[in-house]
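The primary structure of each chain is shown beneath.
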Amino acid sequence: MLCKCWWHLQILLVTSLWVWGNVDAATPTVKVGNISQVEDAAYFRIYYGQTFKVIKNAFDGKSYLLIQLLGLLGGLKGITSDNVASECVMRLYKEGQLQLIKRSDVVDTQQFAAHFIVNTDQPQSCNFATFLSLGEDSPLQRAEWIKYLGVFANLETRANQIYDTIKKNYMCLSKGASTRNAPFKPIVAWMQYNDGIWSFTKEAFKLKYVEDSGGENIDDSINKVTYNISLPDDVEAFHAILCTVDVVIDETYASDPTAYTASTFLQNLSVEDQSCLAFMANQSLWRYDKRVQNSTVLGN
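All figures in this text were calculated on a predicted structure; none of them were measured in a lab.

How each quantity is defined
- Residues numbered from 1 in each chain as written.
- Predicted model: local features only at pLDDT ≥ 70, side-chain atom pairs only at ≥ 80, totals over all residues.
- Heavy atoms only, no water.
- Core = buried A, V, L, I, M, F, W, Y, C linked by side-chain atoms within 4.5 Å.
- Buried < 20%, exposed > 50% of the residue type's maximum accessible area, 1.4 Å probe, protein only.
- Contact = heavy atoms within 4.5 Å.
- Helix = DSSP H or I, 4+ residues; strand = E, 2+ residues; numbered from the N terminus.
- Polar contact = N/O pair within 3.5 Å; in protein donor to acceptor, adjacent residues only side chain to side chain.
- Disulfide = S-S within 2.5 Å.
- Salt bridge = Lys/Arg side-chain N within 4 Å of Asp/Glu carboxyl O.
- Axes fitted to C-alpha atoms, helices over the stretch in contact; angles between N-to-C directions.
- Parallel < 35°, antiparallel > 145°, perpendicular 65-115°, else oblique.
- Nonpolar A, V, L, I, M, F, W, Y, C, P; charged D, E, K, R; others polar.

Draft legend 1. Spatial organisation of the nonpolar core. In terms of nonpolar packing, the biggest core is built from 21 residues, with Met191, Phe200, Phe238, Leu242, Phe265, Leu269 and Phe279 touching the most fellow members. If we skip the residues at most four places from it in the chain, leucine 269 touches Met191, Trp198, Ile229, Phe238, His239, Leu242 and Leu277. Judged by nonpolar contacts, the second largest core, of 13 residues, contains Tyr64, Leu66, Phe116 and Leu149.

Pasting the structure below:
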């Protein structure tokens, strides 16, 4: 479905001057020099004409028609959450160079010519564009969505460079892991705690991370995903599984990441005897939120 709005496109992420709408036969020819080709992502495609670009988003079935007028580049203008990991974004926000926009405030979101969203079920204005890299099944597929943003802002060349670097590094590390001689592969568990219940994560892209890094995911034969620490049978079964794990990636949400420690993890785990927990003995308990909501990198 093509959006029929004509806009001075001041994108939330990166700004370029565009018009979205129907192609006018009288429009002067503008050669599209920078192009991106989708290599890995499964849910978006890019098509180019002499004076326009079309982005097809398979998640919501919409197509976005962009007619380039000129390449006036700007910068990040607004965010809808301060729960971000980018130091640069947080610094801009704290310095007052970014607006914190309420998602539910139609007036606020309409001041931007394009508002990227992830919730396709919400009521949408004509300036909404779906950005759902989270729907992809592998890390590289998700990373390639930078090209999706690059097309909107006439920054395809830069987006291509960033993705090519990410992919090259990823493939290099993956190849190194696959050729490493080791007596066994470490067993890795992604898990999180919420309201008295521990659960193992089965998201495809996370399992792919483990495989590509030379690890092994917890046994597929374990078909029970959640464990209630108030139930003795659940606790016993859960602890038995953890005794087979070499690495734990703890995804438990923490409003203050600096206050969440190994002691917090063990308290939530309700473990009295740690002797069989190899991941604790080997200091292989990991988290990935140390940069969230901080303009400077947190200490280890």
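Draft legend 2. Quick peek at the side chain of asparagine 57. Structurally, asparagine 57 is set in strand β3 (residues 52-57). Since its relative accessible area comes to 0%, asparagine 57 is described here as buried. One polar contact links the side chain of asparagine 57 to the main-chain amide nitrogen of phenylalanine 59, over a distance of 2.9 Å. A polar side-chain atom of asparagine 57 sits 3.1 Å from a polar atom in the side chain of tyrosine 148. Contact partners of asparagine 57, with chain neighbours within four places excluded, come to Tyr43, Lys62, Tyr64, Thr130, Trp145 and Tyr148.

Draft legend 3. View of the state of the cysteines. The tally for this structure, following the rule as stated, stands at 1 disulfide. Between cysteine 243 and cysteine 276 runs a disulfide, and the two sulfur atoms are separated by 1.8 Å. Highlighted residues: cysteine 243 in the loop between α7 (232-242) and β13 (247-250) and cysteine 276 in the loop between α8 (262-269) and α9 (278-281), separated in sequence by 33 residues.

Draft legend 4. A look at the pattern of salt bridges. Across all of its chains, the model carries 10 salt bridges by this definition. Salt-bridge contacts for lysine 147 lead to glutamate 39; the nearest nitrogen and oxygen are separated by 3.5 Å. Taken together, the residues span a long stretch of sequence, with lysine 147 in helix α4 (residues 145-152) and glutamate 39 in the loop between β1 (17-20) and β2 (44-48) at a distance of 108 residues. Take lysine 147: its relative accessible area is 1%, and that puts it in the buried class. For glutamate 39, a relative accessible area of 45% gives the class partly exposed. The structure contains a network of salt bridges with shared partners spanning Glu39, Asp40, Glu144, Lys147 and Lys167.

Draft legend 5. Fine view of the packing of α4 against helix α5 (residues 156-178). Closest axis-to-axis distance for the α4/α5 pair is 8 Å, and the angle between their directions is 170°. Classified by the angle their axes make, α4 and α5 are roughly antiparallel. Facing α4, whose interface residues are Ile146, Lys147, Gly150 and Val151, α5 presents Glu156, Ala159, Asn160, Ile162 and Tyr163. Of the residues contributing to the contact of α4 with α5, the split by class is 5 nonpolar, 2 polar and 2 charged.

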